[in-house]
Amino acid sequence: MIADFRYTSLCHDDDVVVSMYWDQSSPMADVRFPDGWGADWQPPGVPPGHELPLISALAYALFVAGKAGRNLRLTGDRTVWPRQWGELKDDSRLS
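For the structure given in this document, a descriptive report is provided here. A quick note: this is a predicted structure, and the numbers were derived from the prediction, not measured.

### Brief notes about the overall build of the protein
Here's step 1: On a plain count of helices and strands, the protein comes out with one helix and six strands.
Here's step 2: Along the protein, from the amino end to the carboxyl end, the secondary structure elements read β-β-β-β-α-β-β.
Here's step 3: By residue count, 40% of the 95 residues in the protein fall in the buried class.
Here's step 4: Summing over all exposed atoms, the protein offers an accessible surface of approximately 5,800 Å²; the carbon and sulfur share of this is 49%.

So, in structure tokens, the structure goes:
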């Protein structure tokens, strides 16, 4: 288990967001950064809007959120989340 993570369908504009989905049978994700951050925060060598494997998207988003002091939010298709990574908890506190 890596850790427990928070899942929500609602995200704030200043959150770092990992949006999970299936690409055929591959777990993938897009990482969205707060408005105005520009391309400086994109993963090195990855064009803006380019899909990433879930593990890569999560690792980079966790790094960026921690470095920038922002909330990390997971959203999208919950079935993509590997249970062996930990529990994906609903974050109903988000308003």
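### Considerations on the pairing of strand β3 (residues 26-32)
Here's step 1: Here strand β2 (residues 16-23) runs beside β3; their pairing, made up of seven bridges, is antiparallel. Of the residues in β3, the one forming a bridge with Ser 19 is Asp 30.
Here's step 2: With antiparallel pairing between neighbouring strands as the criterion, β2 and β3 make up a hairpin whose turn holds two residues, including Gln 24 at a positive phi of roughly 60°.
Here's step 3: Direction of pairing for β3 relative to strand β4 (residues 52-53): antiparallel, over a ladder of two bridges. When the sheet's bridge partners are listed, Met 28 is paired in β4 with Pro 53.

What counts, and at which threshold
- Residues numbered from 1 in each chain as written.
- Predicted model: local features only at pLDDT ≥ 70, side-chain atom pairs only at ≥ 80, totals over all residues.
- Heavy atoms only, no water.
- Helix = DSSP H or I, 4+ residues; strand = E, 2+ residues; numbered from the N terminus.
- Buried < 20%, exposed > 50% of the residue type's maximum accessible area, 1.4 Å probe, protein only.
- Areas by Shrake-Rupley, 256 points an atom, 1.4 Å probe, with all protein chains shown as cover.
- Pairing = 2+ DSSP bridges.

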